[in-house]
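Next come the chains, spelled out residue by residue.
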Amino acid sequence: MEEFVPLDLNVHKEIFVQLNIEFLTWIADQLRENYQIDAISIVGQTVPEYVEAHLEDLSSLKPPDGIIYLLVVEGDIAGMGALRKLSDEIGEIKRMYIRPPYRGRGYGKRMLNRLLEVGREFGCSSFRLETGKFMTVAQHIYKSAGFIEREGYPESETPTILRPYQLFMEKKG
């Protein structure tokens, strides 16, 4: 049984930092392996330094402008996911990450569904996201939920130099 627990930095800071380090290290490794891109040089900080320097931004989403969930499975933190409102009607799915031991069990799909459900409660009628072109499993989850490819959008937080390696998607309704 899984539970979606809203992030409370006073309680979850250590695990939230660790999840972001795992997530961003994996992305940096994939960029290096797939595209020979050194993301650490581009950002100018190690992943732990980046997470520590940006912790306030990474954890700032609060209802009704957004939310961050931790996925708890049988008492263990299995992943995270976030929703950020871009406008009154548009939400953005962010930071979907399921730890490797929990992958392949449908948790990513259930996290996405939870974020979409909360986004609708917050008034969103359209959702956007971006994902790495190398994230084929995530793309499958998004497409099966009705997301389709689109051009990049100005609110994307991805550095311009990395945008060619991203896939942008949108779902209406």
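Our structure is the block above this text.
Residues numbered from 1 in each chain as written. Predicted model: local features only at pLDDT ≥ 70, side-chain atom pairs only at ≥ 80, totals over all residues. Heavy atoms only, no water.

J.: Kindly report on the nonpolar core, identifying the contributing residues and their values.
T.: In this structure, F16, L71, I93, L112, Y142 and F147 are the most contacted members of the largest nonpolar core, which totals 56 residues. Among the elements that make up this core, the one with the highest residue count is helix α1 (residues 9-35) (9 residues). Excluding anything up to four places from it in sequence, Y142 contacts M96, L112, L129, T131, F147 and M169. (Core = buried A, V, L, I, M, F, W, Y, C linked by side-chain atoms within 4.5 Å. Buried < 20%, exposed > 50% of the residue type's maximum accessible area, 1.4 Å probe, protein only. Helix = DSSP H or I, 4+ residues; strand = E, 2+ residues; numbered from the N terminus. Contact = heavy atoms within 4.5 Å.)

J.: Lay out the pairing of strand β3 (residues 76-85) in plain terms, naming residues and giving numbers.
T.: Counting buried positions along β3 gives 9 out of 10 residues, so the element sits mostly inside the fold. When strand β2 (residues 66-73) meets β3, the two strands line up antiparallel, connected through 8 bridges. Residue pairing across strands places G66 opposite R84, the latter belonging to β3. Between β2 and β3, which pair antiparallel in sequence order, lie 2 residues; one of them, E74, sits at a positive phi of approximately 50 degrees. Strand direction decides the pairing type here: β3 and strand β4 (residues 90-98), joined by 6 bridges, are antiparallel. In the sheet register, R84 faces β4, and the bridge partner there is E92. (Pairing = 2+ DSSP bridges.)

J.: Describe the packing of aromatic side chains, with residues and values.
T.: Applying the stated criterion across every chain, the model contains 8 aromatic pairs. With a centroid separation of 5.7 Å and 85 degrees between ring planes, the pair formed by Y153 and F168 is classed as edge-to-face. Taken together, the residues span a long stretch of sequence, with Y153 in the loop between β6 (148-150) and β7 (166-172) and F168 in strand β7 at a distance of 15 residues. Grouping residues by exposure puts Y153 and F168 together as buried. Positioned above the aromatic ring of W26 is the side chain of R103, whose terminal nitrogen or guanidinium carbon lies 5.6 Å from the ring centre. (Phe/Tyr/Trp six-rings, centres within 6.5 Å; stacked < 30°, edge-to-face > 60°. Lys NZ or Arg CZ within 6 Å of the ring centre and 35° of its normal.)

J.: For the sheet that holds strand β1 (residues 2-6), give the residues involved together with the corresponding values.
T.: Spatially, 7 strands are ordered β1-β2-β3-β4-β5-β7-β6 in an open sheet, and the strand pairing comes out mixed. The open sheet terminates on both sides in strands that have one partner only, identified here as β1 and β6. Taken over all neighbouring pairs, the strand axes of this sheet differ in orientation by 30 degrees on average, direction set aside. With 3 bridges connecting them, β4 and strand β5 (residues 126-132) associate as parallel partners. Across the sheet, residue I90 finds its bridge partner in β5, namely S126. Against the sheet, helix α6 (residues 136-144) makes contact with β4, β5, β6 and β7, and its axis sits at roughly 165 degrees relative to β5, the strand it touches most. (Axes fitted to C-alpha atoms, helices over the stretch in contact; angles between N-to-C directions.)

J.: So what's going on with the pattern of salt bridges? Which residues, and what values?
T.: All chains considered together, the criterion is met by 12 salt bridges. Taking the shortest distance from any N to any O, the salt bridge between E2 and R110 comes out at 2.9 Å. Of this pair, E2 sits in strand β1 while R110 is found in helix α5 (residues 107-121), placing the two residues 108 residues apart along the sequence. Close ionic contact of E157 with R84 constitutes a salt bridge, the shortest N to O distance being 3.2 Å. Residue E157 is found in the loop between β6 and β7, and its partner R84 is found in strand β3; the two are separated by 73 residues along the sequence. (Salt bridge = Lys/Arg side-chain N within 4 Å of Asp/Glu carboxyl O.)

J.: Which residues make up the side chain of E92, and what are the values?
T.: Position of E92 relative to the elements: it lies in strand β4. Separated by 2.6 Å, the side chains of E92 and R84 make a polar contact. Here Y153 takes part through its side chain, which lies 2.6 Å from a polar atom of the side chain of E92. Leaving out residues up to four positions away in the same chain, E92 has contacts with A82, L83, R84, L86, R128, E130, Y153 and S156. (Polar contact = N/O pair within 3.5 Å; in protein donor to acceptor, adjacent residues only side chain to side chain.)

J.: How would you sum up a nonpolar patch on the surface? Please name residues and give values.
T.: A cluster of nonpolar side chains, I42, V43 and I161, forms an exposed patch at the surface whose accessible area comes to about 240 Å². Within the secondary structure, I161 sits in the loop between β6 and β7. Judged by relative accessible area, which is 53%, I161 ranks as exposed. (Patch = residues over 30% accessible without salt bridge, like charges linked within 9 Å, V, L, I, M, F, W, Y side chains within 5 Å. Areas by Shrake-Rupley, 256 points an atom, 1.4 Å probe, with all protein chains shown as cover.)

All quantities given are derived from atomic positions and should not be read as evidence of function.
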